[in-house]
Amino acid sequence: DQGNARFVALNSNHPADPLQIKWLDTVYAGAETKWKIAFFHHPLYSSGEHASESRDVIRPALEGALLRNHVNVVLSGHEHLYERIKPQQGIQYFVSGGGGRNLYHFHLSEFDEMGISEHHFMIAEIDGDRMFFEAITQSQRLLDCGILHRTADAAAKAPDDTAKKWLASCDEGRARPR
């Protein structure tokens, strides 16, 4: 636990491990008002070189437990690219694997909100029921940014000055380096 979030790391090298799934079904207990964030290496949704592994192995093994436990955000890597997936059954997925080595080709899929084959890193900050996120290249160029909301009620609220400024800086930042 850190602040208003509970982070859980999973071993996606053995995604169907029944002991891991059993543990996952208990680890978010008592985290009702916190962000529920899971992170692991292999993505559930991907448009990169390992898309079939994501679809055929990782997603069938882990998605049911993530849904049962009302996870809000899933962070993964493995694919050497950046990808923000449209929320899938209420879960926001990010693939952030552009930290080094050779990049993979990005192939747009119907579930993608944004994707690019570029070296990058991500920053996220939680403020109550909001998560501000950025993906930034090694040359300080903004690839993607936005605000996620933990609940439907939070998403329905009109943006406050902080959110308005953030979203305006996102729009401005995409046009020039940070």
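Structure's up top.
Residues numbered from 1 in each chain as written. Predicted model: local features only at pLDDT ≥ 70, side-chain atom pairs only at ≥ 80, totals over all residues. Heavy atoms only, no water.

## Brief notes about the state of the cysteines
Right, so step 1: The tally for this structure, following the rule as stated, stands at 1 disulfide.
Right, so step 2: Disulfide pairing is shown between Cys145 and Cys170; the S-S distance is 2.0 Å. Of the two residues, Cys145 sits in strand 9 (residues 142-149) while Cys170 sits in helix 4 (residues 161-173), which places them 25 residues apart along the sequence. One exposure class covers both Cys145 and Cys170, and it is buried. (Disulfide = S-S within 2.5 Å. Helix = DSSP H or I, 4+ residues; strand = E, 2+ residues; numbered from the N terminus. Buried < 20%, exposed > 50% of the residue type's maximum accessible area, 1.4 Å probe, protein only.)

## A short note on the nonpolar core
Right, so step 1: Of all hydrophobic cores here, the largest spans 20 residues; its most connected members are Leu24, Phe40, Leu44, Leu62, Leu66, Val74 and Tyr93.
Right, so step 2: Every element with two or more residues in this core is listed here: helix 1 (18-27), helix 2 (51-68) and strand 5 (91-96).
Right, so step 3: In terms of residue count, the dominant contributor to this core is helix 2 (4 residues).
Right, so step 4: Core analysis: the next-biggest nonpolar cluster, separate from the first, contains 12 residues, Ala5, Tyr82, Phe94 and Met114 among them. (Core = buried A, V, L, I, M, F, W, Y, C linked by side-chain atoms within 4.5 Å.)

## Re the pattern of salt bridges
Right, so step 1: Using the criterion set out here, one finds 10 salt bridges in the structure.
Right, so step 2: Glu113 serves as the salt-bridge partner of Arg84, at 2.6 Å between the closest nitrogen and oxygen. In this pair, Arg84 is assigned in strand 4 (residues 82-88) and Glu113 in strand 6 (residues 112-116), connecting sequence segments 29 residues apart.
Right, so step 3: For Arg130, the salt bridge is made with Asp160, and the minimal N-O distance between the two is 2.8 Å. With Arg130 in strand 8 (residues 130-137) and Asp160 in the loop between helix 3 (152-156) and helix 4, this pair connects stretches of sequence that are 30 residues apart.
Right, so step 4: A relative accessible area of 13% places Arg130 in the buried class.
Right, so step 5: Taking relative accessible area as the criterion, Asp160 reaches 34% and is therefore assigned partly exposed. (Salt bridge = Lys/Arg side-chain N within 4 Å of Asp/Glu carboxyl O.)

## Structural notes on a nonpolar patch on the surface
Right, so step 1: Among the surface-exposed residues, Phe7, Phe39 and Leu75 lie close enough to one another that they form a single nonpolar patch of about 250 Å² accessible area.
Right, so step 2: Considering the arrangement of structural elements, one finds Phe7 in strand 1 (residues 5-9). (Patch = residues over 30% accessible without salt bridge, like charges linked within 9 Å, V, L, I, M, F, W, Y side chains within 5 Å. Areas by Shrake-Rupley, 256 points an atom, 1.4 Å probe, with all protein chains shown as cover.)

## So, the sheet that holds strand 8
Right, so step 1: The strand order across the open sheet formed by 3 strands is 7-8-9, and the pairing between neighbours is antiparallel. Edge positions in the open sheet fall to strand 7 (120-127) and strand 9, since each of these has one partner strand only. For this sheet the average axis-to-axis angle between neighbouring strands, irrespective of direction, equals 10 degrees.
Right, so step 2: Relative to strand 8, strand 7 runs antiparallel, the two sharing 8 bridges. Among the inter-strand pairings, Ile126 is bridged to a residue of strand 8, identified as Met131.
Right, so step 3: Sheet strands touched by helix 4: strand 8 and strand 9. Its angle to strand 9, the strand with the most contacts, is close to 160 degrees. (Pairing = 2+ DSSP bridges. Axes fitted to C-alpha atoms, helices over the stretch in contact; angles between N-to-C directions. Contact = heavy atoms within 4.5 Å.)

## Focus: the sheet that holds strand 3 (residues 73-76)
Right, so step 1: The 6 strands are arranged 1-2-3-5-4-6 in an open sheet whose pairing can be described as mixed. Each of the sheet's edge strands pairs with one partner strand only, and the pair in question is strand 1 and strand 6. In this sheet, adjacent strand axes meet at a mean angle of 15 degrees when their direction is disregarded.
Right, so step 2: For strand 4 and strand 6, the ladder comprises 4 bridges, and the chain directions are antiparallel. The residue of strand 6 that forms the bridge with Ile85 is Asp112.
Right, so step 3: Packing of helix 2 onto the sheet brings it into contact with strand 2 (35-39), strand 3, strand 4 and strand 5, and relative to strand 5 it is tilted by some 135 degrees.

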